[in-house]
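What the coordinates show
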Amino acid sequence: MYLTEEQLLIYRNQGFLLLSEYFSRTEVEIMKAELSALSTENSPKKIIEKDGKTVRSLHGSHTTNDVFNCLTRHPFIVEPAMQIVGNQVYIYQFKVNLKAAFTGDIWKWHQDYIYWRKEDGMPKPQVVNAMCLLDDMNEFNGPLFVIPSSHKEEMIDITDHSPRVTNTNSNSSGESNTWISSFSANLKYSLSQELIANLVSKYGISFIKAAAGSVLFFDSNLVHASSNNISPFGRSTVIITYNSIENIPLPVQNPRPDFLVSQDYRPVTPLAPDALSQFSRSRIKF
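In this text, all values refer to a predicted model and were calculated from it rather than measured experimentally.

Let us look at the pairing of strand S6 (residues 127-133). Across the seven residues of S6, seven count as buried, placing the element largely inside the fold. Of the two faces of S6, the one carrying Val127, Asn129, Met131 and Leu133 and the one carrying Val128, Ala130 and Cys132 are both buried. Across seven bridges, the pairing between S6 and strand S11 (residues 235-244) is antiparallel. Bridging from a neighbouring strand, Val128 pairs with Tyr242 of S11. The sheet contact formed by S6 and strand S9 (residues 215-219) spans five bridges and is antiparallel. Along S9, the bridge assignment pairs Cys132 with Val215.

So this is what it looks like as structure tokens:
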């Protein structure tokens with residue numbers, strides 16, 4: 001399913017494009033049914049909120065989970081991604097972000113590309129995020145806030161101002177997982193209040209309100225954030241980042257784990273449009 005010229009123009013102008021209720025309720029429930037098992041796995045791929053128990057995000061699940069592997073190759077997402085980057089794409093990053101009811105914490109104002117440039121050696125922002133909503137996103141449950149057209153500022157270069165990660169986040173070898181500061185509530189390259197105020201004065205501010213099954217494509221330099229969730233309505237989103245096969249990251253001194261930054265550069269081959277619906281309905285928990 002390819003985007004129209006009008007849709008591409010909207011994306012290029014405002015830095016994001018929302019396609020409402022892109023996937024059916026059945027397809028959404030098939031995906032949601034996978035989250036419970038993934039959330040209980042004891043794995044370094046799982047990031048916990050600062051309360052020490054609430055799941056904040058899950059990474060790289062598409063390599064072990066058939067449903068999410070299928071989603072990453074769905075033509076509704078892959079074909080627009082190829083249009084946007086202007087080339088064949090591979091899966092650079094896959095994550096599930098969960099904003100738990102009452103306890104889901106904030107994501108501070110930031111751009112994505114600065115992480116991929118400084119941490120992973122990505123040469124250019126020839127990359128796109130595809131966010132699939134597995135729950136309704138509204139004004140109550142910590143929605144995604146965006147500054148429209150802020151991607152036109154390109155990468156806003158700031159220094160790492162995060163506190164050093166202690167041994168509380170260590171792997172089995174006792175090595176500190178410093179990459180966690182890119183996903184915690186205290187983001188490594190978050191933008192200052194003064195800068196955000198200036199950007200909002202220039203471009204305005206908006207938030208994403210959409211039903212489950214909707215998909216948001218957004219630019220890697222779009223400035224975005226989300227507030228904490230104090231409502232009784234949890235929400236979860238899947239974010240697939242597609243990078244151009246001509247934009248392979250350069251070698252870096254301390255590469256992040258493969259489940260965060262894939263080194264499988266094979267182009268994604270789209271599946272049939274009904275691929276997700278082929279999974280047994282017996283897996284769905286309504």
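This paragraph deals with the side chain of Arg235. Positionally, Arg235 belongs in strand S11. Of the side chains with opposite charge, Asp135 lies nearest to the buried Arg235, which makes no salt bridge, at 7.8 Å. A polar contact of 3.2 Å, which involves the side chain of Arg235, links it to the backbone oxygen of Asn141. Engagement of the side chain of Arg235 in a polar contact is seen with the backbone oxygen of Gly142, the distance being 2.5 Å. Leave out the neighbours within four places in its chain, and Arg235 touches Asn97, Leu98, Lys99, Asp135, Asp136, Met137, Asn141, Gly142, Pro143, Leu144 and Ser226.

Another point: the pattern of salt bridges. Side chains that differ in sign of charge can pair as their charged atoms come close. Applying the stated criterion across every chain, the model contains nine salt bridges. A salt bridge links Glu153 to Lys202; the nearest nitrogen and oxygen atoms lie 2.7 Å apart. Of this pair, Glu153 sits in the loop between strand S7 (144-146) and helix H7 (193-203) while Lys202 sits in helix H7, and the two are 49 residues apart along the sequence. What makes Glu153 partly exposed here is its relative accessible area of 30%. Residue Lys202 is classed as exposed on the basis of its relative accessible area, which comes to 55%. We note a salt bridge from Arg266 to Asp264, for which the minimum N-O separation is 2.6 Å. Judged by relative accessible area, which is 33%, Asp264 ranks as partly exposed.

Looking at helix H2 (residues 25-32), one finds that the buried residues are Glu27, Val28, Glu29, Ile30 and Met31. Looking at the buried residues of H2, the elements they touch are helix H3 (35-40), helix H4 (66-72) and S6.

So, on to unusual backbone geometry. A positive phi angle, near 70°, is found at Ser149, a position not held by glycine. Examined against the element boundaries, Ser149 turns out to sit in the loop between S7 and H7. Judged by relative accessible area, Ser149 falls into the buried class, the value being 12%. Positioned with a positive phi, Glu154 is a non-glycine residue whose angle comes to about 60°. Positionally, Glu154 belongs in the loop between S7 and H7.

What follows concerns the nonpolar core. Formed by 42 residues in total, the largest nonpolar core has its most connected members in Phe23, Leu71, Phe217, Val238 and Tyr242. In terms of residue count, helix H5 (residues 75-85) provides more of this core than any other element does, six residues in total. Tyr90, Ile158, Ile196 and Leu260 belong to the second-largest nonpolar core, a separate cluster that totals 23 residues.

For Ser20, the position within the fold is in the loop between strand S1 (16-19) and H2. Sequence separation between Ser20 and Val215 is 195 residues; the distance between their C-alpha atoms is 6.5 Å.

On to the sheet that holds S7, then. Taken together, the four strands give an open sheet; going across it, the order is S5-S10-S7-S8, and neighbouring strands pair in antiparallel fashion. Looking along the sheet, the strands with just one partner apiece sit at the ends: strand S5 (107-110) and strand S8 (206-207). The pairing of S5 with strand S10 (residues 224-226) spans two bridges and is classified as antiparallel. Looking across to S10, one finds that Trp107 is bridged to Ser226.

Rules used in this analysis
- Residues numbered from 1 in each chain as written.
- Predicted model: local features only at pLDDT ≥ 70, side-chain atom pairs only at ≥ 80, totals over all residues.
- Heavy atoms only, no water.
- Buried < 20%, exposed > 50% of the residue type's maximum accessible area, 1.4 Å probe, protein only.
- Helix = DSSP H or I, 4+ residues; strand = E, 2+ residues; numbered from the N terminus.
- Pairing = 2+ DSSP bridges.
- Lys, Arg positive; Asp, Glu negative; His and termini not counted.
- Salt bridge = Lys/Arg side-chain N within 4 Å of Asp/Glu carboxyl O.
- Polar contact = N/O pair within 3.5 Å; in protein donor to acceptor, adjacent residues only side chain to side chain.
- Contact = heavy atoms within 4.5 Å.
- Core = buried A, V, L, I, M, F, W, Y, C linked by side-chain atoms within 4.5 Å.

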